[in-house]
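Structural description and commentary
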Amino acid sequence: MAITFPLSIEITCSCEYVGQGTLALEFLEQVPELDTLIVPISGGGLTSGTVIGAKAKNPAIRVFAAEPKGADDAAQSKACGRLITLSQTNTIADGLRASLGDLTWPVVRDLVDAVITVEDKEIVEATRYCYQILKVAIEHSAAIGLAAVLSDNFKKNPISSCSRNIGIVLSGGNADLGVLFESWKH
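This structure is a prediction, so every number in the text was calculated from the model and none was measured.

1. Some thoughts on the pattern of salt bridges
Applying the stated criterion to the full structure yields 5 salt bridges. Across the pair Lys 55 and Asp 113 runs a salt bridge whose closest N-O atoms are separated by 2.9 Å. In this pair, Lys 55 is assigned in helix H2 (residues 45-57) and Asp 113 in the loop between helix H4 (105-111) and strand E5 (114-118), connecting sequence segments 58 residues apart. Salt-bridge contacts for Lys 69 lead to Glu 119; the nearest nitrogen and oxygen are separated by 3.5 Å. Within this pair, whereas Lys 69 is found in the loop between strand E4 (62-68) and helix H3 (73-80), its partner Glu 119 is found in the loop between E5 and helix H5 (120-134), the two being separated by 50 residues in sequence.

In structure tokens, the structure reads:
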């Protein structure tokens, strides 16, 4: 399937991206005034589908990927303009330890507005917030989007300064409770 954007970017994508793109379409259907989406990034499938769906529906929307500093291959790749693969990762967000691939990198490179990186301590605090305030049970990987929005990296990013209506993807509830509770002790 090929999707052509008003920006003259054509992306050939597999059906899995189209399926994951429905996440963005549902967001925009429920909150049409959404101007920014924050998506966790690891291998890039969820992010690619989301950014394709979002920009097809609203080319002006900003889509940010959120990534732990200890597994920041997407941020490094965006900064260098070429795919970077890390030899090892170190993050509490175990669902975000994979690397971008040849299929997802071009989509992330061309359509994701920026990658916001956060420290593990910020991820732990965002996870705690989700449990204690929002009453939402998530894993650390799912809290990365909230951690990104609360971070100085997001607040100081000139691209995000216009963000007024932000959607955050909370993806993942497979928390190892032992690891989760241990992280809250520090």
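So, next bit.
2. A few points about the packing of aromatic side chains
The final tally for this structure, using the stated rule, is 1 aromatic pair. Between Phe 64 and Phe 154, the aromatic rings sit 5.5 Å apart at their centres with planes inclined by 75°, giving edge-to-face as the arrangement. Of this pair, Phe 64 sits in strand E4 while Phe 154 sits in helix H7 (residues 152-155), placing them 90 residues apart in sequence. Taken as a pair, Phe 64 and Phe 154 share a single burial class, namely buried.

3. Comments concerning H2
The end-to-end C-alpha distance of H2, which contains 13 residues, comes to 18 Å, matching closely the 18 Å that a straight helix rising 1.5 Å per residue would cover. With respect to burial, H2 is a largely interior element, 10 of its 13 residues being buried. Among the residues of H2, Gly 45, Thr 47, Ser 48, Gly 49, Thr 50, Val 51, Ile 52, Gly 53, Ala 54 and Lys 55 are the ones counted as buried.

4. Comments concerning unusual backbone geometry
Located in the positive-phi region is Lys 135, a residue other than glycine, with phi close to 60°. Here Lys 135 is to be found in the loop between H5 and helix H6 (144-150). Overall, Lys 135 belongs to the exposed group, its relative accessible area being 63%.

5. So, the side chain of Ser 151
Within the element layout of this structure, Ser 151 appears in the loop between H6 and H7. Residue class for Ser 151 comes out buried when judged on its relative accessible area of 1%. Residue contacts for Ser 151: discarding those within four places in its chain leaves Ile 116, Val 118 and Glu 122.

6. Let's talk about the layout of surface pockets
For the largest pocket, the calculated volume is near 170 Å³. In this structure, the largest pocket is lined by 15 residues; those nearest its centre are Pro 40, Ser 42, Leu 46, Gly 95 and Leu 96. It is H2 that provides the largest number of residues to the lining of the largest pocket, a total of 3 residues. Taken together, the residues of the lining of the largest pocket break down into 4 nonpolar, 10 polar and 1 charged.

About the thresholds
Residues numbered from 1 in each chain as written. Predicted model: local features only at pLDDT ≥ 70, side-chain atom pairs only at ≥ 80, totals over all residues. Heavy atoms only, no water. Salt bridge = Lys/Arg side-chain N within 4 Å of Asp/Glu carboxyl O. Helix = DSSP H or I, 4+ residues; strand = E, 2+ residues; numbered from the N terminus. Phe/Tyr/Trp six-rings, centres within 6.5 Å; stacked < 30°, edge-to-face > 60°. Buried < 20%, exposed > 50% of the residue type's maximum accessible area, 1.4 Å probe, protein only. Expected span 1.5 Å × (residues − 1). Contact = heavy atoms within 4.5 Å. 1 Å grid on protein atoms, 1.4 Å probe; cavity = no way out; pocket = protein on both sides within 12 Å on 5 of 7 lines; lining within 4 Å. Points joined across faces, edges and corners; volume = space filled by probe spheres on them. Nonpolar A, V, L, I, M, F, W, Y, C, P; charged D, E, K, R; others polar.

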